[in-house]
Structures are given as C-alpha cells and as structure tokens.
Amino acid sequence: MKGVERKKELSPEQGEELLKALKARFEKNLNRHKGLEWTKVKAKLEASAEQLWSLTEMERTGGEPDVVGFDKKTGEYIFYDCSAESPKGRRSLCYDRQALESRKEHKPKDNAMDIAAAMGVELLTEEQYRELQKFGKFDTKTSSWVKTPAEIRELGGAIFCDRRYDHVFVYHNGAESYYAARGFRGALRI
C-alpha cells in the first residue's frame, strides 16, 4: 500500500457489493451485535460514504469487518476486523513510521500505523482486542499489533496480542520488528 493513493469513493456497484457482504456477515454472527437491527446499520452506512470506503478497505485487505457494538452517547456503530486470523493483506509490517525508518536493512514493506491512517481506521487497543475475543477465537495462529501506550513506544517498544492455549496474551517487541504472521486489526466508528 505504500505510495499508492487510493480513490476514497465507491461506485454504486462497489457500495452494493460491500453492503451485501456486510449484511451476510451480520446475519451469520448475531452474537456480535445482540439487539442491533441491520436496517438501522444499513441506513447509517448509506449516509456515510467516507466510512463506507474505509470498510471497503478493511474488507479488501482481508479484515472481514463486522458490527460489534453501538455507542448510545454518540449514536455510532462500532466495527472491528473479525477475520479469524490477522488480516492477510496487512501483515509483515513494523509498528509505525519511526520504526520503519530506524531499520537499516531488511525493511518491511510498510508500517501498521500509516496503513491504518490511510484506511481511515484505528488500531484496536488492548481493551478492544480483549473485547473482540469474547465473540470467538481470533489470532490462534497469527498475532496483531495493538495501539501502544506512549510510554512504551517512547522506549522503542510496541505491543501485540494473540490467542494461545485458550487465553489472550499481550506481548512486547521492538517496534521495528515484523513477522509474516503479524498484522493489525482495525476499529471504525460510523
């Protein structure tokens, strides 16, 4: 994705295709959004062209976005990447631009924070990651960078999470590290 400027609008056909995929996922995974109605979610999506584009990016990169909640204070629906493993189109990334620039050789193709920003999404926090795990077993073979507290990042580290042995683990690594099985999961409010 580095250096590629993607048009941030969808054709009517692309929008319809995305809504169809989101509706099917919504209906298949009702445990993720108890008490929410697809017709209300759809109406909100249809009125949010920029966020619809962000959801398309989440989908295009393998995230399988789905509604995981509703914020009554703001009236926003909350979407997370719900793919079983860290999204395939967002792996082998270091944490952020500073980490990418600090590597002298064997640089990864890009970094998680810049890609998330380009997509219009936020990395999940540790708390959000743990919330996601209540809906199923995610990242049993992969791991995902999560938003790292400033005090950890200032010391050169970054954190990531995964699920092993039926438990969610939080680990640390140098922010410049990257692995084929580590990506990131996004959150989007609409």
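Nothing here was measured: the structure is a model prediction, and the numbers come from that model.

Let us look at the pattern of salt bridges. In this structure the tally under the stated criterion is 18 salt bridges. With a shortest N-O distance of 3.9 Å, glutamate 27 and lysine 23 are connected by a salt bridge. Here glutamate 27 and its partner lysine 23 are both found in helix α1 (residues 12-28), four residues apart, which amounts to about one turn of the helix. Salt-bridge contacts for arginine 153 lead to aspartate 96; the nearest nitrogen and oxygen are separated by 2.7 Å. Highlighted residues: arginine 153 in helix α7 (residues 150-153) and aspartate 96 in the loop between β2 (76-81) and α4 (97-102), separated in sequence by 57 residues. For aspartate 96, a relative accessible area of 12% translates into the label buried.

Scanning all chains against the criterion turns up six aromatic pairs. On the numbers, 6.0 Å between centres and 80° between planes, the contact of tryptophan 145 with phenylalanine 160 is edge-to-face. With tryptophan 145 in strand β4 (residues 143-145) and phenylalanine 160 in strand β5 (residues 157-164), this residue pair connects regions lying 15 residues apart in the sequence. Each member of the pair, tryptophan 145 together with phenylalanine 160, is buried. Note on phenylalanine 160 and tyrosine 171: the rings are 5.1 Å apart at their centroids and 20° apart in plane angle, and the pair reads as stacked. Of this pair, phenylalanine 160 sits in strand β5 while tyrosine 171 sits in strand β6 (residues 167-174), placing them eleven residues apart in sequence. Residue tyrosine 171 is classed as partly exposed on the basis of its relative accessible area of 31%. Through a chain of ring-to-ring contacts, three or more aromatic side chains come together here, namely Tyr95, Trp145, Phe160, Phe169 and Tyr171. Sitting above the plane of the tryptophan 145 ring, arginine 182 keeps its charged end 4.8 Å from the centroid.

Conventions we followed
Residues numbered from 1 in each chain as written. Predicted model: local features only at pLDDT ≥ 70, side-chain atom pairs only at ≥ 80, totals over all residues. Heavy atoms only, no water. Salt bridge = Lys/Arg side-chain N within 4 Å of Asp/Glu carboxyl O. Helix = DSSP H or I, 4+ residues; strand = E, 2+ residues; numbered from the N terminus. Buried < 20%, exposed > 50% of the residue type's maximum accessible area, 1.4 Å probe, protein only. Phe/Tyr/Trp six-rings, centres within 6.5 Å; stacked < 30°, edge-to-face > 60°. Lys NZ or Arg CZ within 6 Å of the ring centre and 35° of its normal.

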